[in-house]
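Residues per chain are reported as follows:
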Amino acid sequence: MTLEIVGQIFGILTTIAAVVSAQLPKRWQMMIGYMAVNLFSALNVLFVGGGLTGCLVCLVAVAHSSVNAYRAKKDMDTPLTEKLIFSVVYFVAWGIGFYLSWKSGVASWLDALPLVATVFFVASMLVKKENNIRLWTLGNASVNTVYHLMLRSSGIFAQLFELVSIIVALFRYRKKPPKNGENVD
């Protein structure tokens, strides 16, 4: 089995995890799902030849999601220092991946897309409301759709299904306006 096929299998696993994650009702459950999504996505990108930028950024996202899952489960706020540290670690991981890609002569404009997607992902980690997480993840999935399309990766199915799944979940878990005379509190 070639590495390309292995990578495409991880793309399919990414698809399954992405669809399930967007439908989970609780923040901590969504974060655990995003751990799986990012781990499978890192392996998908690595094996289909997407370079190190996407892979390294996804691996940082696995760690970030695990910390956020723990904090969400314990109903703890994320300290500002932790938010800043993860933001720097994402940028450093992307920089290392881009440097190594550039040094080996394979860097391209595609290497910028994981960084753009990361901005949306980090924003999704900073909000508490589940539908706000979904809104930011919509941006992340949109950018990653272009990335996986250009890589010709089966990870594109994860992004397309995730886009649909997020939109479904946004409607499914939307807040219903109070009826006349109901207390808004």
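Residues numbered from 1 in each chain as written. Predicted model: local features only at pLDDT ≥ 70, side-chain atom pairs only at ≥ 80, totals over all residues. Heavy atoms only, no water.

Some details on the overall build of the protein
Reasoning step 1: From N to C terminus, the protein includes seven helices and zero strands.
Reasoning step 2: Along the protein, helices and strands appear, N-terminal first, in the series α-α-α-α-α-α-α.
Reasoning step 3: The C-alpha atoms of the protein give 17 Å as radius of gyration, which agrees with the globular expectation for 185 residues (16 Å, within 12%).
Reasoning step 4: Considering the protein as a whole, with its 185 residues, one finds that 45% of them fall into the buried category.
Reasoning step 5: The contacts in the protein between residues at least 6 apart in sequence include a share of 69% that link residues at least 24 apart.
Reasoning step 6: Just so you have it, the protein exposes about 10,100 Å², and 71% of that area is on carbon and sulfur atoms.
Reasoning step 7: The positive charge centre, built from 16 side chains, and the negative charge centre, built from 9, are 3 Å apart in the protein. (Helix = DSSP H or I, 4+ residues; strand = E, 2+ residues; numbered from the N terminus. Rg over C-alpha atoms; globule rule 2.2 N^0.38 Å. Buried < 20%, exposed > 50% of the residue type's maximum accessible area, 1.4 Å probe, protein only. Contact = heavy atoms within 4.5 Å. Areas by Shrake-Rupley, 256 points an atom, 1.4 Å probe, with all protein chains shown as cover. Lys, Arg positive; Asp, Glu negative; His and termini not counted. Charge placed at Lys NZ, Arg CZ, Asp CG, Glu CD.)

Overview of the packing of aromatic side chains
Reasoning step 1: All told, the structure shown has eight aromatic pairs when counted by the stated rule.
Reasoning step 2: With 6.1 Å between their ring centres and 20° between their planes, Phe10 and Phe47 make a pair best called stacked. Residue Phe10 is located in helix H1 (residues 3-23), and its partner Phe47 is located in helix H2 (residues 27-47); the two are separated by 37 residues in the primary sequence.
Reasoning step 3: Ring geometry for Phe120 and Trp136: centres 6.1 Å apart, planes at 45°, overall tilted. (Phe/Tyr/Trp six-rings, centres within 6.5 Å; stacked < 30°, edge-to-face > 60°.)

Some remarks on the confidence of the model for the protein
Reasoning step 1: Chain-level pLDDT for the protein is 88 on average; 95% of the residues reach the 70-or-more range.
Reasoning step 2: Mean pLDDT values for the elements of the protein range from 87 in helix H5 (residues 113-126) up to 93 in H2. (pLDDT = per-residue confidence, 0-100.)

Describing the pattern of salt bridges
Reasoning step 1: As enumerated under the stated definition, the model contains two salt bridges in all.
Reasoning step 2: The partner of Glu82 in a salt bridge is Arg71, and the shortest N-O contact between them spans 2.7 Å. Here Glu82, found in helix H4 (residues 80-103), pairs with Arg71, found in helix H3 (residues 52-73); they are eleven residues apart in sequence, far enough to count as distant. Comparing Glu82 with Arg71 shows no difference in burial state: the two are buried.
Reasoning step 3: Ionic pairing is found between Lys128 and Asp77, a salt bridge with its closest N-O pair at 2.1 Å. Of the two residues, Lys128 is situated in the loop between H5 and helix H6 (130-151) and Asp77 in the loop between H3 and H4; the sequence distance between them amounts to 51 residues.
Reasoning step 4: On the accessibility criterion, Asp77 (52% relative accessible area) is exposed. (Salt bridge = Lys/Arg side-chain N within 4 Å of Asp/Glu carboxyl O.)

What about a nonpolar patch on the surface?
Reasoning step 1: There is a patch of nonpolar side chains on the surface, built from Val88, Val92, Ile96, Phe98, Tyr99, Leu100 and Trp102 and spanning about 660 Å² of accessible area.
Reasoning step 2: Exposure remark for Ile96: the relative accessible area of 44% places this residue in the partly exposed category. (Patch = residues over 30% accessible without salt bridge, like charges linked within 9 Å, V, L, I, M, F, W, Y side chains within 5 Å.)

Some words on H1
Reasoning step 1: Between the first and last C-alpha of H1 there are 31 Å, a value that for 21 residues agrees with the 30 Å anticipated at 1.5 Å per step.
Reasoning step 2: When H1 is considered as a whole, its buried residues turn out to be Val6, Gly7, Gln8, Phe10, Gly11, Thr14, Thr15, Ala17, Ala18, Ser21, Ala22 and Gln23.
Reasoning step 3: The inward-facing, buried residues of H1 contact H2, H6 and helix H7 (155-172). (Expected span 1.5 Å × (residues − 1).)

A word on the side chain of Asn144
Reasoning step 1: Here Asn144 lies in helix H6.
Reasoning step 2: The residues contacting Asn144, other than those within four sequence positions of it, are Ala117 and Gln159.

Some details on the packing of H4 against H5
Angle between the axes and distance between the axes are the two parameters that describe a pair of packed helices.
Reasoning step 1: Contact geometry of H4 with H5 gives a least axis separation of 11 Å together with a crossing angle of 165°. Taken together, the axes of H4 and H5 lie roughly antiparallel to each other. Once H4 is placed against H5, the crossing between them reads as right-handed. Counting all contacts with H4, which are made through Lys83, Ser87, Tyr90, Phe91 and Trp94, the residues of H5 involved are Pro114, Leu115, Thr118, Phe121, Val122 and Leu126. (Axes fitted to C-alpha atoms, helices over the stretch in contact; angles between N-to-C directions. Parallel < 35°, antiparallel > 145°, perpendicular 65-115°, else oblique. Left-handed = near helix turned anticlockwise from the far one by under 90°.)

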